[in-house]
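Breakdown of the fold
Each chain, letter by letter, is given below.
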Amino acid sequence: MTVQSARHRAADPVTESMVLVEHVSRTYGSGDAAVHAVRDVSLSIAPGELVVLVGRSGSGKTTLLNVVGGLDKPDEGRVVVDGREVSSLDERGLVALRRDVVSFVFQTFGLVPVLSAAENVGVPLRLRKVPPRARDERVALLLDLVGLTDHADQRPGELSGGQQQRVAIARALANSPRLLVADEPTGQLDSATGVAIMGLLRAVVEHERTTALVATHDPVMMALADRVVRLQDGVLVEE
Amino acid sequence: MTWMPRLLAHRTRAHSTLLLAVVAVTVVAATLLGTFALLLSVGGDRAPQVALDRAGAQATTIDVRSTVGNNDHEKVAAAMEAGLAELLGPVDAEVRTWTSSPWLLVDRGPGLPKPLVYLADYPIVPELTALESGQWPTTAWDGEGVPVAVPVAAAEEYGWELGDVLRTEGTDVASEIPVRVVATYRAEPPRGQWSRDLLEGRVHLSDYPVPGSFGGSVAEAWGPLVVAPGTGAVIPGTLRLEAWPDLDSATPAELDGLRERLSTAQTDLYAAVPAATTDVLTSLDRTLDSIAASLAVTRVGVVVVGLMLLVVAVTVLLLAARLLAERRAAEQTLLTSRGASHPQLVGLAALEALGVAALATLAAPWLAGLVYRGVTRVPVLHDAGLAVDPGAPALLWLTCAVASLLLAGVLLAPSLRRRVSAVDSEQQEVRQDRKQALARSGVDLAVVVVAGVALWQLLRHGSPVLDGSGGFDPLLVAAPALVLLAGGVLAGRVLPLVAGVGEVVARRSRALVAPLTAWEISRRPRRAAGAVLLVTLAVAVGTFAQGWHDTWRTSQREQAELEVGTDLRVTDLDGSVLDQSARVAAVDGLSVVSPVGMRQVQAGVATGPAPSVSGITTTMLAVDTRHAGDLLRGRLDGGWSAATAGLAPASPVTGVPVPAGTSELGLTLTARVTADLGPGVSALTSASLVVQDARGARVSLDLPPVPTPLGDAPDEPTELTVPLPEGLGAVQVIGVSLRLTIPGDLWGMLDAQVWDLPWEAALGDVRALDADGEPTPLDLGRGQWRTSGGVPLYDPWIRLGSTWVDDDGLHVTGTPNLGIVADNQAALFTTSFDREPIVHALVTPDLLAQLSATEDDVLAIDVDGTVVQLRIDGQVPYLPGLPRGAALLVDRDSLLRATLVTGSRATLTDEWWALVDDDDARDAAAAVQAAGVGRTTTRVEAAAQATDGPLHVAIPAALWIVTLSAVALAVAGIALSATVAVRTRRLELARLQALGASQGSLARSIVGEYLLLGVIGTAAGIGVGALLAWVVGPLVTVSPRGLAPVPAVVVQWPWPVLGSVVGALALGAMLAVVVTTRALLRRASGALLRLGDEG
């Protein structure tokens, strides 16, 4: 299991980068009430790289993640993920991007409460219409990877926060995404669980050869990252 | 507690859409129930007024009749008026007085018979008489007598001329009144209007019993002799007050009071009018009772469907309450965690519910008035006369207020449940709590048990209306609504089965959309159950309402059709049978028209060859069964043609044809008795011709008696004529009756040597004379003549001779015994048909039971004094025109043959029945009535009255309202459910979008979920509705008087309407789901998909 850092690679940034953010700005509202969430941010993430995005609350981390993940559109600049210009994709392209390329880990886990852990993990595979047998095998593998084989049939309400986040990570990895976007994945967990989750995230990223962009305050995660990027008032201040 | 209003205000703003929907549903439901209240109150008050207005004078007038006798007529009149005024009470009435004198004998001179006459002052004289000569009298006395107008027939009979003074003497009252003839007049039809006349408008009766003779003597009776109106020219013998109450403007309370007083009117008036014999003659009490019973039945029907509407409305509100609770779950948890107590939370919900109830209470009565106005503008209700300004009666306000409170109170239901902790609440979201499931099962079981008991009671009683009394049992009335609810609850139990299948499908499926649908249904069963229950109830209500609507209408129509018995029925006949026949023949549109015998007869099981009748009184229907298919109406398995096959004689009667346009029949009659009874004894032979016209009217036309020589005295033919009515058409002579009379005391001759009286009679030169007197010879040889001697009992008393036709005519010989001639008359009856061996009959089970008879038994019935034997060929459950009770049906031709051969003069023409197209029925009835034949009833009109009349139309109106309301409420409820389902799941749905699910696929999943729930609900609803229509429908379909309907109810399935109702509901619900889902998904996704924005 090898993580190849693209930190020093250059050449064609579009073809060489998994994520390329160029002069992206995003403003909410207008006039006096306008909030400049992200201003002229440029960033490149190489394939297989785990980049941690840090900054205080309101610094624009989530906005940047949303823009990168295709959940929001920048007002200016462009975002390229896996060679696709996200900012110009239509709804169908965005759906395909989220289904095949990017996956998300939410701060509040984002599990479907009426589905079991295994069923939650299987959702992305169903979206790709993976045959049941292959789906079951993949789900079992991922649950094993996150250490929840014995909890496969339990529903989110019957799992602890850490277990739920593990399920969320397993689900995020289910369709072997090229890019994993995680927003405060340990935000609702105690520190010990948070450390475990961070470790897991690092391990599965390496295992699945996935690029990851993680917003966090957690210093443990920062330590595990290939690179740490800091945002302040919507501006990239440190890399 | 000041936080409560503030919180309430904030929450109202935050949940404005959902609350608006809740208020709208509450207002709509309260409005609809208010409309039902208006149908019951305003419609219920108005309907009797309209019904009474349309019932006709015959059903609503009150007659008070006093025979004054020797009493002071002024005192009697005053007492009658006072008594009538007391009876009427506050009800206004137009009162007319009919005055007629006692019977008077007119002294025409020594040795001349004295005809009976009477003077009269009648209010109808100006409209219903035609002056023939002279001037109407204007004074009470002209110095020589009372000026009178006499019937022109009486003037012609007695040669009275204008100016003649007639001397009269009293019969029961000793008085002599000279009258002067100043005019002659003719009484005009309809004769029904003359019913208060002593001779009922007949003008003449030939054998009226002379008053005071106790039937010992009879006289020619003529009248009325019309006096100057309002002059007091008549010394009253009979006083009659005819009151026409203004029932249209009488209030229900006034009508109730009038009905109460009518029940004791006879005794009250008898006591109030001194010394005179006083009778109260009215059908108003029965009319009011009938209206009250019909109205009670209609009210029961409206309440039955109103309760169903209430069930649907409560279900929608329960669904809304649950959705509100789901929407507010987080808020409730927060409030609880911040220290809000359970009573405080309930108080908050109660405050909100009160607000909703207040809004609904204010709006619903006003809206209900609008709906009522709109509904009663629909042609059927407008024609029923229910389109009035409903105002705002107390019942409307009460209904709307109670309904609003009840419906808004439903919103409290979720908050009454004590909340568990936030954690427990989350756990409950994950897996359904077993305790709660058990509790729900218990409630479901209780609903099913109560519904089962109610249905069982309803089945036991057979109807929610108790014993035709108009009262009803609340449990029985609520039974259909309870069964509906139970059906909905049971349908919810199907969900787990479907969910189980869904889980299997989900496991095996590659995709997400279908499994997502299955998971949502199987793992959030309460939400799914709510939607299924709503659809089930709505479809069930629609199915039941439309099924019952069709069943009810069909049953009412069938009951009315059977009650009438034919397309056009003419009763209370006026004029002679041949006159009636000529008049109906002139009416266009009557394809088949036939006289019918419908009367009470004595019937018993025949006990010998010549039995007498000692049995029961039953109703006999004698119709031309050859036209049974055309004439008889009323549903019968196999039809009336098949049922009556075999009742008619094998071949029709063939007589001597008489051409159309014949105004008289002429003939010569020759008769002689070859025995010599000695000097001073004379004999008379009288003949009657029995003629039959094309419509089957069969009458005996009497010819004057001719002297009959005895012994060797020579006989001479006597020329005779008899008139036929104009317009009768072709007729046939089918029989001749000959009667031998020897006046004087024959008993003194009984010891004579001569007992046999050989008697010969011949009818010759029989011809038809047209209006110009031009003769057309009739060929007597066309008839197959046979002679009988009357009833078998008398057969030994007369020996039949020969019957033949030759060039001289029809000859009949026979030898009566002197004894029978002495006792009354000897008679020979010659007919052109054979005596039927026996008359065949169909009978009702009631008659069989009452006579303890069985099929093939022989009955004896008395028809106008003639005993006829009938064989019971079979039984039918009822007869046309006779839906209930003991009755028998015979072929009229067959019965008439049996009576004619015994010399009966029965015409068996009590009514006329006709086949007429539905479209022509009204005009034909009017034409028959205008022709003065009698009172008409049409099947079409009766059926229309039964279904769309003012007393009944509220039921179909209520059924349509409940159908449309159920569809509308269900669509609103489903839209509400889908809205809240998407809103409460919006974060979940947004996350699924983040995982790569498209908006379209998620929308498809939700639509599919509701489609599946809709299919389950629709299937269950159709099942429950069909069950209700099949089981309950017949029980709540009763006769207008609340009795079991005859014929029995046949459940109808109006498939196109049912399809339309289900289709409209499905389409409306799906449209609502698609629109709300897509809109909400589009609106919600953008914001919620942004990470970090979880709220």
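Residues numbered from 1 in each chain as written. Chains lettered and ligands numbered in written order. Predicted model: local features only at pLDDT ≥ 70, side-chain atom pairs only at ≥ 80, totals over all residues. Heavy atoms only, no water.

As recorded by an unreviewed UniProt entry, chain B carries the name ABC3 transporter permease C-terminal domain-containing protein and is attributed to Cellulomonas persica. The record held by UniProt for chain B lists under Subcellular location (unreviewed entry) the comment "Cell membrane". Looking at chain B in UniProt, the text filed under Sequence similarities (unreviewed entry) is "Belongs to the ABC-4 integral membrane protein family." (UniProt positions renumbered as here; feature names shortened; annotations may be inferred.)

As annotated in an unreviewed UniProt entry, chain A carries the name ABC transporter ATP-binding protein and is attributed to Cellulomonas persica.

What follows concerns the overall build of chain A. Scanning chain A for helices and strands turns up 8 helices and 10 strands. Taken against the 2.2 N^0.38 rule, which gives 18 Å for 239 residues, the C-alpha radius of gyration of chain A at 17 Å falls within 12% of a compact globule. If one aligns the C-alpha atoms of chain A with their principal axes, the spans along those axes are about 50 × 35 × 35 Å. The proportion of buried residues among the 239 residues of chain A is 56%. Sequence-distant contacts, at least 24 apart, represent 71% of the contacts inside chain A between residues at least 6 apart. When the accessible surface of chain A is split by element, carbon and sulfur atoms take 47% of a total near 9,600 Å². A distance of 4 Å separates the average location of the 26 positive side-chain charges in chain A from that of its 31 negative side-chain charges. (Helix = DSSP H or I, 4+ residues; strand = E, 2+ residues; numbered from the N terminus. Rg over C-alpha atoms; globule rule 2.2 N^0.38 Å. Buried < 20%, exposed > 50% of the residue type's maximum accessible area, 1.4 Å probe, protein only. Contact = heavy atoms within 4.5 Å. Areas by Shrake-Rupley, 256 points an atom, 1.4 Å probe, with all protein chains shown as cover. Lys, Arg positive; Asp, Glu negative; His and termini not counted. Charge placed at Lys NZ, Arg CZ, Asp CG, Glu CD.)

Split by domain assignment, chain B resolves into domain 1 (58–284), domain 2 (451–564 + 938–1087), domain 3 (590–652 + 837–916) and domain 4 (657–831). A straight line from the C-alpha centre of domain 2 of chain B to that of domain 4 of chain B covers 77 Å. (Domains from an automatic or database assignment.)

With 29 residues of chain B in contact, the opposing surface of chain A contributes 37 residues. Of the roughly 3,200 Å² buried between chain B and chain A, counting both surfaces, carbon and sulfur atoms make up 58%. Taken together, the connections running from chain B to chain A amount to 1 salt bridge. The interface formed by chain B and chain A contains 6 residue pairs in polar contact (both at pLDDT 80 or more). Of all the elements, helix H30 (residues 986–994) of chain B adds the most residues to the side of chain B that touches chain A, at 5 residues. Classifying every residue of the side of chain B that touches chain A gives 12 nonpolar, 6 polar and 11 charged. (Buried area = accessible area lost by both parts, 1.4 Å probe. Salt bridge = Lys/Arg side-chain N within 4 Å of Asp/Glu carboxyl O. Polar contact = N/O pair within 3.5 Å; in protein donor to acceptor, adjacent residues only side chain to side chain. Nonpolar A, V, L, I, M, F, W, Y, C, P; charged D, E, K, R; others polar.)

All names here are of chain B. Taken as a whole and judged by the stated rule, the model has 54 salt bridges over all chains. Between Glu242 and Arg196 there is a salt bridge; the shortest N-O distance is 3.5 Å. Of the two residues, Glu242 sits in strand E13 (residues 238–245) while Arg196 sits in the loop between strand E9 (176–187) and strand E10 (204–209), which places them 46 residues apart along the sequence. Between Asp765 and Arg767 there is a salt bridge, with its nearest N and O atoms 3.3 Å apart. Overall, Arg767 belongs to the buried group, its relative accessible area being 12%. One network of salt bridges, in which partners are shared, links Arg557, Glu561, Asp567, Arg633, Asp918 and Arg939.

Residues and elements named next belong to chain B. Using the criterion set out here, one finds 10 aromatic pairs over all chains in the structure. Here the aromatic rings of Trp103 and Tyr208 are separated by 4.5 Å at their centres, their planes lie at 40°, and the arrangement is tilted. With Trp103 in the loop between strand E2 (93–100) and strand E3 (104–107) and Tyr208 in strand E10, the pair connects residues that are 105 residues apart, well separated along the chain. For the ring pair Tyr158 and Trp222, a centre distance of 5.7 Å and an interplane angle of 80° mean the geometry is edge-to-face. Taken together, the residues span a long stretch of sequence, with Tyr158 in helix H6 (residues 152–158) and Trp222 in strand E11 (residues 218–222) at a distance of 64 residues. Grouped by ring-pair contacts, the aromatic residues Trp98, Tyr122 and Trp194 constitute a single cluster. (Phe/Tyr/Trp six-rings, centres within 6.5 Å; stacked < 30°, edge-to-face > 60°.)

Another point: the environment of Leu1035 of chain B. Residues and elements named next belong to chain B. Take Leu1035: it is sitting in helix H31 (residues 999–1036). By relative accessible area, which is 11% here, Leu1035 ends up buried. Considered as a pair, Leu1035 and Gly973 are 62 residues apart in the sequence and their alpha carbons are 31 Å apart. If sequence neighbours within four positions are ignored, Leu1035 has contacts with Leu458, Leu459, Gly462, Ser463 and Pro464.

Turning our eyes to something else, we now look at the sheet that holds strand E1 (residues 19–28) of chain A. Residues and elements named next belong to chain A. Taken together, the 4 strands give an open sheet; going across it, the order is E2-E1-E4-E5, and neighbouring strands pair in antiparallel fashion. Two strands bound the open sheet, and with one partner strand each, they are strand E2 (35–45) and strand E5 (84–85). Bridging between E1 and strand E4 (residues 76–81) involves 5 bridges; their strand directions are antiparallel. Looking across to E4, one finds that Val21 is bridged to Val79. Together, E1, E2 and E4 form the strand contacts of helix H2 (residues 61–69), whose direction differs from that of E1 by roughly 120°. (Pairing = 2+ DSSP bridges. Axes fitted to C-alpha atoms, helices over the stretch in contact; angles between N-to-C directions.)

Bringing a negative patch on the surface into the picture now. On the surface, a cluster of negative charge is contributed by Asp917, Asp919, Asp920 and Asp923 of chain B. Within the secondary structure, Asp917 of chain B is located in the loop between strand E35 (911–916) and helix H27 (918–930). (Patch = residues over 30% accessible without salt bridge, like charges linked within 9 Å, V, L, I, M, F, W, Y side chains within 5 Å.)

So, about helix H17 (residues 474–492) of chain B. Over its 19 residues, H17 of chain B runs 27 Å from end to end, which matches the ideal 27 Å to within 8%, given 1.5 Å per residue. The sharpest bend along H17 of chain B measures roughly 40° and falls at Pro480 of chain B. (Expected span 1.5 Å × (residues − 1). Bend = angle between axes of the 7 residues up to and from the residue.)

What follows deals with empty space enclosed by the protein. Residues and elements named next belong to chain B. Evaluated as defined, the whole model comprises 6 cavities of 30 Å³ or more. Size it by volume and the largest cavity reaches roughly 70 Å³. Considering the residues around the largest cavity, the lining is formed by Leu39, Leu40, Gly43, Gly44, Ala47, Leu295, Thr298, Arg299, Leu386, Pro950, Leu951 and Ala954. Broken down by secondary-structure element, the contributors of at least two residues to the lining of the largest cavity are helix H2 (16–55) and helix H9 (284–327). For the lining of the largest cavity, the element with the highest residue contribution is H2, accounting for 5 residues. Each residue belonging to the lining of the largest cavity can be placed in one class, and the counts come to 8 nonpolar, 3 polar and 1 charged. (1 Å grid on protein atoms, 1.4 Å probe; cavity = no way out; pocket = protein on both sides within 12 Å on 5 of 7 lines; lining within 4 Å. Points joined across faces, edges and corners; volume = space filled by probe spheres on them.)

Here we take up the UniProt feature "domain: ABC3 transporter permease C-terminal" (unreviewed entry) in chain B. UniProt feature "domain: ABC3 transporter permease C-terminal" (unreviewed entry): in the numbering of this structure it lies at residues 961–1077 of chain B. Helix makes up 80% of residues 961–1077 of chain B and strand 0%, with an end-to-end C-alpha separation of 29 Å.

Turning our eyes to something else, we now look at the packing of H17 of chain B against helix H20 (residues 525–564) of chain B. All names here are of chain B. Between H17 and H20, whose axes approach to 9 Å, the crossing angle comes to 140°. Between H17 and H20, the interaxial angle falls into the category oblique. As H17 packs across H20, the resulting crossing turns out to be right-handed. Counting all contacts with H17, which are made through Leu484, Leu485, Gly487, Gly488, Val489 and Ala491, the residues of H20 involved are Leu533, Thr536, Leu537, Ala540 and Val541. (Parallel < 35°, antiparallel > 145°, perpendicular 65-115°, else oblique. Left-handed = near helix turned anticlockwise from the far one by under 90°.)

Attention now moves to a nonpolar patch on the surface. All names here are of chain B. On the surface, Leu445, Val449, Val453, Trp456 and Leu475 cluster together to form a nonpolar patch covering roughly 470 Å² of accessible area. The greatest single-element share of the nonpolar patch, amounting to 4 residues, is contributed by helix H16 (residues 434–461). Relative to the elements of secondary structure, Trp456 occurs in helix H16.

All right, on to the nonpolar core then. Residues and elements named next belong to chain B. The biggest cluster of nonpolar side chains holds 169 residues, and the ones touching the most others in it are Ile62, Leu484, Leu992 and Tyr1010. The leading source of residues in this core is H9, at 21 residues. The residues that make up this core include at least three from each of domain 1 (58–284) and domain 2 (451–564 + 938–1087). The residues contacting Leu484, other than those within four sequence positions of it, are Met308, Val311, Leu537, Ala540, Val541, Val1024 and Leu1028. If you look at the next biggest cluster of nonpolar residues, it comprises 63 residues, including Val736, Leu738, Ala925 and Val928. (Core = buried A, V, L, I, M, F, W, Y, C linked by side-chain atoms within 4.5 Å.)

Residue and element names in this part refer to chain B. Note on placement: Thr282 falls in strand E14 (residues 277–282). A distance of 2.7 Å separates the side chain of Thr282 from the backbone oxygen of Thr61, its partner in a polar contact. A distance of 2.9 Å separates a polar atom in the side chain of Thr282 from the backbone nitrogen of Leu284. Ignoring any residue separated from it by four or fewer positions in sequence, one finds Thr282 in contact with Thr61, Ile62 and Leu262.

Residues and elements named next belong to chain B. Where H30 meets H31, the axes come as close as 10 Å, and the angle between the chain directions of the two elements is 140°. Relative to H31, the element H30 lies oblique. The interaxial crossing formed by H30 with H31 has right-handed handedness. Along the contact surface, H30 presents Leu989, Leu992 and Gln993, while H31 presents Gln999, Leu1002 and Ile1006. Looking at the contact of H30 with H31, its residues break down into 4 nonpolar, 2 polar and no charged.

It is worth spelling out the side chain of Thr278 of chain B at this point. Residues and elements named next belong to chain B. One can find Thr278 in strand E14. Overall, Thr278 belongs to the buried group, its relative accessible area being 0%. Within the structure, the side chain of Thr278 is placed 2.7 Å from the side chain of Ser66, a separation counted as a polar contact. Apart from residues no more than four positions distant in its own chain, Thr278 is found in contact with Val64, Arg65, Ser66, Gln266, Leu269, Tyr270 and Val273.

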